[in-house]
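What the coordinates show
Single-letter residue listing:
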Amino acid sequence: MRRLTIEEVHAQKIRELGLDPEALDLTTPEGLAGALRRAASYLCPCSAATLVRAVVRPLRGLVPDLEKAKELVEETLEAMISHGDILEQPEVEDGTSTARVLLYAAPASFVVRQSGLVILLGVTADQLSPLPSELERRIEYLGHVRRLSPSSGAEDLRSELRQLGLFELTPDAWLKGPKPCAASLAVAASDRALDVAPPSRDIPGLLLLDPTKPVRYYRGRWTEPKTQTGRYMARRQQAYGADLWCYVQLTNGHPERMIDLPQRGSRWRGCDEAWHLQMAIDAQRGSPQRFRVTPSGDAMVLELFSPTPAWARRRWDAIGEPVPSAGCLFAYRIPKTEIEEERRFAHEALWLEEMTTGSEGRGTEK
């Protein structure tokens, strides 16, 4: 019998998760995502706290800062829920108590991109992976994301994965975003809701997002009500917690009507609904929000200048890698084979306009 070192324990456990111990350990997002999927396979349905505890407790003595490791596990779990590996659903009510929110392991499934790239989702109950070893070795792990690229133009990964029992999800079913439509229709839908809202009195702590300010400087677009007349995306203070998102009608700077976001029945967060509506407002005004694509070695960098809804970020997290980039709000490094699909998505789903060499001087970031 021999006592293992901390490094040897890390390597052994990473190997048991089907990952590369030469590149990863139990403190990396890839290793923790693998541990969360494994724990979910036998604990779900359960609470988020139960799942986090099952992964964090065995790390005692294996990591220098257990509390910091717990924070990373929680962040990784949140990313996996957003990604679709794990589902968050209310518990079925029995009439005796308020329903809790529980986590459920999503079934093994996949999404196929137009390029043929496959995004793997879900958890298998009785094994680490439903894939044969030759496919398993080709999986690319990046944080909580698992990707599988066709080895040649003739390889039909869709048919092969279906035969292995995986469910295919369409991109729309996976992302759960709104169906693409004209910007005017999106604005009209919110206007109709505002038309029937009851009259509003003074709204404390109201801040407006001014659509006349340059779209490439998001922070500079926020302003206090003065003499504005019209309908604006806004935020308002509440007694406790973060400011609320709302859509408000003003006359000479005084609120007349208001609806809070998200609207009743919406499956998105208030900020997601607000950012998407503002994109539509800007596009309808003829000054759409912008994006830029620049080369970066064998890939391309997609640069955004304003916040985007979570369902848009989810697809970029799945196919790209966040990178620092000066002069924009955030950026992703995306393979060249994927960038054309993202250009179309930005135009059709977000109403964004691509910056060209001749248009970069309009609306500065400074």
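Keep in mind that what you see is a predicted model, and the values were worked out from it rather than measured. (Residues numbered from 1 in each chain as written. Predicted model: local features only at pLDDT ≥ 70, side-chain atom pairs only at ≥ 80, totals over all residues. Heavy atoms only, no water.)

What to know about the nonpolar core
Ranked by size, the top nonpolar core spans 45 residues in total, and within it Met 233, Trp 245, Tyr 247, Trp 316 and Leu 350 carry the most contacts. Considering each element in turn, this core owes the most residues, seven residues, to helix 9 (residues 270-284). Those residues in contact with Trp 316, other than ones at most four positions away along the chain, are Leu 302, Leu 304, Thr 308, Glu 321, Phe 330, Tyr 332, Ile 334, Glu 342, Phe 345 and Leu 350. Grouped together as the second largest cluster of nonpolar side chains are 26 residues, Ile 14, Cys 44, Ala 69 and Ile 86 included. (Core = buried A, V, L, I, M, F, W, Y, C linked by side-chain atoms within 4.5 Å. Buried < 20%, exposed > 50% of the residue type's maximum accessible area, 1.4 Å probe, protein only. Helix = DSSP H or I, 4+ residues; strand = E, 2+ residues; numbered from the N terminus. Contact = heavy atoms within 4.5 Å.)

Quick word on the pattern of salt bridges
In total, this model carries 22 salt bridges according to the counting rule given. Close ionic contact of Arg 113 with Glu 341 constitutes a salt bridge, the shortest N to O distance being 3.6 Å. Note that Arg 113 is positioned in the loop between strand 3 (109-112) and strand 4 (118-121) and Glu 341 in helix 11 (residues 336-350), a separation of 228 residues in sequence. Note on Arg 113: relative accessible area 7%, which makes it buried. (Salt bridge = Lys/Arg side-chain N within 4 Å of Asp/Glu carboxyl O.)

Re helix 9
Taking 1.5 Å as the rise per residue, helix 9 with 15 residues should run 21 Å; its terminal C-alpha atoms sit 21 Å apart, in good agreement. Most of helix 9 is tucked away, with 13 of its 15 residues classed as buried. Two residues or fewer after helix 9 comes Gly 286, characterised by a positive phi angle close to 85°. (Expected span 1.5 Å × (residues − 1).)

What about the packing of helix 3 (residues 48-56) against helix 4 (residues 66-83)?
Between helix 3 and helix 4, the shortest axis-to-axis distance is 10 Å and the interhelical angle comes to 130°. Here helix 3 lies oblique to helix 4, going by the angle between them. For the element pair helix 3 and helix 4, the recorded crossing hand is right-handed. Across from Ala 48, Leu 51, Val 52, Val 55 and Val 56 in helix 3, the residues of helix 4 making contact are Leu 66, Lys 70, Val 73, Glu 74 and Leu 77. Taken together, the residues that form the contact of helix 3 with helix 4 break down as eight nonpolar, no polar and two charged. (Axes fitted to C-alpha atoms, helices over the stretch in contact; angles between N-to-C directions. Parallel < 35°, antiparallel > 145°, perpendicular 65-115°, else oblique. Left-handed = near helix turned anticlockwise from the far one by under 90°. Nonpolar A, V, L, I, M, F, W, Y, C, P; charged D, E, K, R; others polar.)

Here we look at the sheet that holds strand 5 (residues 140-142)
Two pairing modes exist for strands in a sheet, parallel and antiparallel, and in both the strands are linked by backbone hydrogen bonds. The five strands lie next to each other as 5-6-4-3-7, forming an open sheet whose pairing is mixed. The sheet is open, and its two borders are formed by strand 5 and strand 7 (167-168), each paired with just one other strand. With three bridges joining them, strand 4 and strand 6 (residues 145-148) adopt antiparallel strand pairing. Within strand 6, the position partnered with Ile 119 by the bridge is Arg 147. (Pairing = 2+ DSSP bridges.)

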